[in-house]
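Summary of the model geometry
Chain by chain, the residues:
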Amino acid sequence: MDWNPLGYKNLYRELFRKHLQRQEELLKKGNKTAWFFSFAPSELIYVFDIVPAYPEQYSAYCASRGSSLDLIDESISSGYGHFLCDYFKTTVGSIISPEKATKPLMPPPDFIVDTRALCVAHHEMSEVFARKFGIPKYTVNYPYWTEDSVRNVDELTKEAEWVDPYYVSYTVSQLKGLVRFLENVCGEGLDEERFRKVFEISEKTSKLLIEIARLMMSRPTPGSQREIADLVFLGFFVLGSEYALEFAEKAYSTIKERVKKKEGVSNEKIRLLTFGIMPWHSLALYEYCEMKGMNFPLNLYVNASLHLSDSSKPFESMVRRSLHFTNCSYDLLECILKNAKRAEIDGALLLENTGCRITSMITRPIADILNENLGVPSLILEAPQCDPRVMNIERAKTQIEAFAESLM
Amino acid sequence: MVEELIEELYRNYLTKSYLRGYKMDGRLVIGTLCNTVPEEAIHSCGAIPSRLIGSSNTPSKIPSWVCIYAKGVFESAIRGEFDYITGIVSSTSDDTKIHLYSAMLFYLKPERHYLIQLPYQKDGDAEEFYKNEILRLCKKLTGSDLSEDKLNKSISIYNRFREFLFELDSMRGEEKPKISGVEWMKILLSSTAMLKEEINKYLLKIVEEAKDRDGVGDYRMRVHLSGNDFFNIELIETMESMGFAIVSDDFCTAGGYYPGFAGKSLDGLVRRYLSQSACNLASENSLKERIEFIESKVSSSNADGIVILRDRGCEVCGHQCPFIMEEFRDIPTIVLDVDSGVTEQYQTRLEAFIEAYGD
Ligand code: SF4
Ligand code: SF4
């Protein structure tokens, strides 16, 4: 057995087909289009029948199709900074020179929603996009959580022993402001029944996604990061949709079955934790590692995209979504240790995404905390997510192999 | 003499003698990372807020491509150069400042620390929220509640400081500037290294004496400098030696740091900090506000050109730069990437710029 993935490929294909079909139908009906970013409350997209587009996802798509390089260069030659996040550079490049971008382009937005649930960059880029299109935007300013505002967060569910109620209520008031904003721009009031239903779907889906991430920590590692990495699309963007729930149900039963049979993705030799945004241009790197017996039972980036949604407390759930460790001060990083122990990792492959301050500045602290607490060494690779020029894939393979040898 | 007073201040900035003295006296020195941190509140708690500025630029624990400011602060901190501080305070104004704060917490474990959650909106809810942030900040730093009386005294001291800087900044904009770019920068940097009531004594004399100066009239071109957390005196020196008169700037560490007086109350302080247009991102319409701020500086100083000192690692400048260039397309503008140090290439480009547009 060389490589034995879970076979989620067809499930993703079906998920995207249904997502695009919804887009088309709503576009035909003349519904409003909006651009959203990761960690935005995606449920509201389904409550208000919005046609969503996601600059991060579109940029990843351009990277996988090879057009991101031209778009990044376009952005830099237009005066934008070199060391901004690749998602911004790719998207702004596609606005400036749509002819160079991979088709279909994102539909032009009627409005933009940004949050500070992950990075200020979302706010920075939404301001640029809104100005370029001359459209309104709404910002939800989540706290960056610190020891003053949160205690003991579960790395997967984002449930916390304590969250400062003052910050929760301030954020909830902004989320309610977002609902009012959406009522205005979409020209319809909030349908309470719909709201309730969408959150019920979100809750069910979120539980299944969390279980999938838990099962991935089994021995041997049941799935490939080629397929698990894309779970972020569900966690970030389509949570609340029926097609996400359908996907999650099937994906969960597949992985459960696999774990029951103790089947792994490959002949496991070492188990690695990984963190950082996938280099979308070189996803085959994971496959390559797995074929050599280096499996990834724990992907902290994917886990960050998940949270336990609670339909009885929808607004608090939207706040909970922001309690991922990448939005918490580094002194709270110990929350990653529980799953690192549970997954019995031998080492960590950390990706430093050039231009992304969130994933890059935290990589060394992660490496240090794993080393100090578990004696687990890390390999840090510079890997801009949409620009393959910085990350030489052959060199990366050699580095990973040398690292793996040192672990065996 | 103005020159001597400024040199004395600057020597103190380099040695941090005042800050070390405060620490020896048992006072709390709090390192701040952003001009959105309400220094008056920290001051009113009996502590000394000091904006941290680093001297090193060789990163080890943070990525090499982040801005010069963050690298400098972090590496200086790791080397123990900020041994006089007891705590740090930052705000959520940009990702770099958030994660710089986090990294400092993780590696340096300061005794006291607080991260101000900055509201991006400017409505009543935001004012209320920011007010609470100030109250929490004081409680966290000192264990006691903010005293409005003490706060009002601190506000008076800071308003006086801002008045002095306003006067000096206006003197830079005169036809014959009475304060040079280097002097201005030295004063501003020095203001991070002592209590404002102490520097006010110096500023009073500097303002009085500077008024009697003849000013410099033999420059070739008046320019506004645009950038962010900038502190490179060497570059300003180079420019002045080439014939540029640096008549204004919008740096967070200089021309963008001091504007805006606070009303004498906690509410007044809140409004001052939420309304300062010099701040880069802490608002819903930061781009518009930043452009308006630069416009006001350029027009009041009669600058003939703009030199954008772009740090390619600065996320704020990285997003805003094309809009600033577009907005000021009718004014001669040049962009210099400052993150690679002062190079010969800069000088050549600046020479060409002054040749084309200077006298
Ligand atoms: S890559 Fe980094 S900076 Fe860019 S959107 Fe993601 S978290 Fe934000
Ligand atoms: S504003 Fe720019 S220079 Fe200042 S800390 Fe932020 S990224 Fe760095």
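How each quantity is defined
Residues numbered from 1 in each chain as written. Chains lettered and ligands numbered in written order. Predicted model: local features only at pLDDT ≥ 70, side-chain atom pairs only at ≥ 80, totals over all residues. Heavy atoms only, no water. Axes fitted to C-alpha atoms, helices over the stretch in contact; angles between N-to-C directions. Helix = DSSP H or I, 4+ residues; strand = E, 2+ residues; numbered from the N terminus. Parallel < 35°, antiparallel > 145°, perpendicular 65-115°, else oblique. Contact = heavy atoms within 4.5 Å. Nonpolar A, V, L, I, M, F, W, Y, C, P; charged D, E, K, R; others polar. Near = heavy atom within 4 Å. 1 Å grid on protein atoms, 1.4 Å probe; cavity = no way out; pocket = protein on both sides within 12 Å on 5 of 7 lines; lining within 4 Å. Points joined across faces, edges and corners; volume = space filled by probe spheres on them. Patch = residues over 30% accessible without salt bridge, like charges linked within 9 Å, V, L, I, M, F, W, Y side chains within 5 Å. Areas by Shrake-Rupley, 256 points an atom, 1.4 Å probe, with all protein chains shown as cover. Salt bridge = Lys/Arg side-chain N within 4 Å of Asp/Glu carboxyl O. Lys, Arg positive; Asp, Glu negative; His and termini not counted. Charge placed at Lys NZ, Arg CZ, Asp CG, Glu CD. Buried area = accessible area lost by both parts, 1.4 Å probe. Polar contact = N/O pair within 3.5 Å; in protein donor to acceptor, adjacent residues only side chain to side chain. Buried < 20%, exposed > 50% of the residue type's maximum accessible area, 1.4 Å probe, protein only. Right-handed = clockwise from strand over helix to strand, strands pointing away. Disulfide = S-S within 2.5 Å. Phe/Tyr/Trp six-rings, centres within 6.5 Å; stacked < 30°, edge-to-face > 60°. Lys NZ or Arg CZ within 6 Å of the ring centre and 35° of its normal. Pairing = 2+ DSSP bridges. Expected span 1.5 Å × (residues − 1). pLDDT = per-residue confidence, 0-100.

The next thing to look at is the packing of helix α4 (residues 68-78) of chain B against helix α5 (residues 95-108) of chain B. Residues and elements named next belong to chain B. Viewed as axis vectors pointing N to C, α4 and α5 meet at an angle of 10°, and their least axial separation amounts to 11 Å. Classified by the interaxial angle, the pair formed by α4 and α5 is roughly parallel. Across from Y69, A70, V73, F74, A77 and I78 in α4, the residues of α5 making contact are T96, K97, L100, A103, M104, Y107 and L108. When its residues are assigned to classes, the contact of α4 with α5 shows eleven nonpolar, one polar and one charged.

Residues and elements named next belong to chain A. Residues in contact with ligand 1, as listed here, are E56, C85, Y87, L118, C119, A121, H122, M125, I277, C356, I358 and Q385. With three residues, helix α6 (residues 120-133) is the single largest residue contributor to the shell around ligand 1. Partitioned by chemical class, the residues of the shell around ligand 1 number nine nonpolar, two polar and one charged.

Residue and element names in this part refer to chain B. Tallied over the full model, the rule gives seven cavities of 30 Å³ or more. Reported here for the largest cavity is a volume of approximately 70 Å³. Along the walls of the largest cavity sit R51, I53, L188, L189, S191, T192, C252, T253 and Y257, which together make up its complete lining. Classifying every residue of the lining of the largest cavity by side-chain character gives five nonpolar, three polar and one charged.

To continue, consider a negative patch on the surface. Taken together, the side chains of E4, E8, E209 and D212 of chain B make up a negatively charged region of the molecular surface. Summarising the element assignment, E8 of chain B is placed in helix α1 (residues 2-15).

Let us look at the interface of chain A and chain B. Opposite the 53 residues of chain A that make contact, chain B presents 55 residues. Carbon and sulfur atoms make up 58% of the surface buried where chain A meets chain B, a total of about 4,600 Å² over both sides. Sorting the residues of chain A by area buried against chain B places R131, R357 and M361 of chain A first, and these three jointly supply 16% of that buried surface. Linking chain A with chain B are six salt bridges. Ionic pairing is found between E327 of chain B and R131 of chain A, a salt bridge with its closest N-O pair at 3.8 Å. At the junction of chain A and chain B, the tally comes to 25 residue pairs in polar contact (both at pLDDT 80 or more). In terms of residues, the side of chain A that touches chain B owes the most to one element, α6 of chain A, which gives nine residues.

Residues of strand β2 (residues 48-51) of chain B alternate between two faces, with I48 and S50 of chain B on one and P49 and R51 of chain B on the opposite face, all of them buried. In the classification by handedness, the crossover that spans strand β1 (residues 29-32) of chain B, the intervening helix α3 (residues 39-44) of chain B and the parallel β2 of chain B is right-handed.

Moving on, we come to the site of ligand 2. Residue and element names in this part refer to chain B. C67, Y69, D94, T96, K97, N228, D229, C314, E315 and V316 make up every residue found near ligand 2. Within the residue set of the shell around ligand 2, elements represented by two or more residues are α5 and α13 (315-327). Residues belonging to the shell around ligand 2 are distributed by class as follows: four nonpolar, two polar and four charged.

Next up on the list: the state of the cysteines. As enumerated under the stated definition, the model contains zero disulfides over all chains in all. No disulfide involves C386 of chain A; its sulfur sits 7.8 Å from the nearest other cysteine sulfur, which is in C85 of chain A. Here C138 of chain B stays unpaired: no disulfide links it, and the sulfur of C45 of chain B, its closest cysteine neighbor, is 3.3 Å away. The exposure class of C138 of chain B is buried, given its relative accessible area of 0%.

Turning to the packing of aromatic side chains, a few remarks are in order. Inspection of every chain in the model, using the stated rule, returns 41 aromatic pairs over all chains. With a centroid separation of 6.3 Å and an interplanar angle of 70°, the aromatic rings of Y80 of chain A and F323 of chain B are classed as edge-to-face. Residue Y80 of chain A is found in the loop between α4 (68-77) and α5 (86-96), and its partner F323 of chain B is found in helix α13; the two belong to separate chains. Of the aromatic side chains, those joined through ring pairs into one cluster are Y8, Y12, F16, F39, Y54, F233, F236, F237, F247 and Y301 of chain A. One cation-aromatic arrangement involves K109 of chain B over F106 of chain B; the distance from NZ or CZ to the ring centre is 5.4 Å. In this arrangement the basic side chain of R272 of chain B is found over the ring face of Y273 of chain B, its NZ or CZ atom lying 4.5 Å from the centre.

Attention shifts here to the sheet that holds strand β5 (residues 221-226) of chain B. Residues and elements named next belong to chain B. Strand order across the open sheet formed by four strands is β6-β5-β7-β8, with parallel pairing between neighbours. Because the sheet does not close on itself, it has two edges, and the strands there are β6 (244-249) and β8 (333-337). Adjacent strand axes in the sheet meet at a mean angle of 30°, parallel and antiparallel pairs treated alike. Relative to β6, β5 runs parallel, the two sharing five bridges. Residue pairing across strands places H224 opposite S248, the latter belonging to β6. Contacting β5, β6 and β7 (305-310), helix α12 (residues 286-301) crosses the sheet at an angle of about 160° to β5.

Time to look at the pattern of salt bridges. Scanning the entire structure with this criterion turns up 56 salt bridges over all chains. Here E268 of chain A makes a salt bridge to R271 of chain A, at a shortest N to O gap of 2.7 Å. Classification of R271 of chain A by relative accessible area gives buried; the value is 1%. In this structure, E163 of chain B engages R160 of chain B in a salt bridge whose closest nitrogen and oxygen atoms are separated by 2.7 Å. Taken together, the residues E163 of chain B and R160 of chain B, both in helix α7 (residues 148-172) and three residues apart, mark about one turn of the helix. Using a relative accessible area of 34% as the deciding quantity, one classes R160 of chain B as partly exposed.

All names here are of chain A. Over its 14 residues, α6 extends 20 Å from the first C-alpha to the last, a length consistent with the 20 Å expected when each residue adds 1.5 Å. In terms of burial, α6 is largely enclosed, as eleven of its 14 residues are buried. Of all the residues in α6, the buried ones are V120, A121, H122, H123, E124, M125, S126, E127, V128, F129 and A130. Downstream of α6 by a residue or two, G134 has a phi angle that is positive, lying close to 65°.

Taken residue by residue, chain B gives an average pLDDT of 94. The fraction at 70 or more is 97%. Note on the complex model: pTM 0.96, ipTM 0.96.

So, on to helix α8 (residues 181-190) of chain B. Residues and elements named next belong to chain B. Within α8, ten of the ten residues are buried, which leaves it mostly tucked inside the rest of the structure. Among all positions of α8, only G181, V182, E183, W184, M185, K186, I187, L188, L189 and S190 are buried. Residues of α8 that are buried sit in contact with α1, α7, α9 (196-211), α10 (233-241) and β6.

Turning our eyes to something else, we now look at the sheet that holds strand β10 (residues 378-382) of chain A. All names here are of chain A. Within the open sheet, the four strands sit side by side as β8-β7-β9-β10. Their pairing is parallel. Both edges of this open sheet fall to β8 (294-299) and β10, since each of them pairs with a single strand only. Averaged over all pairs of adjacent strands, the angle between strand axes in this sheet comes to 30°, irrespective of strand direction. Against the sheet, helix α12 (residues 284-291) engages β7 (270-275), β8 and β9 (347-352), with an angle of about 125° to β8. Contacts between helix α18 (residues 393-407) and the sheet are confined to β7, β8, β9 and β10, with β10 contributing the most and set at about 175° to the helix.

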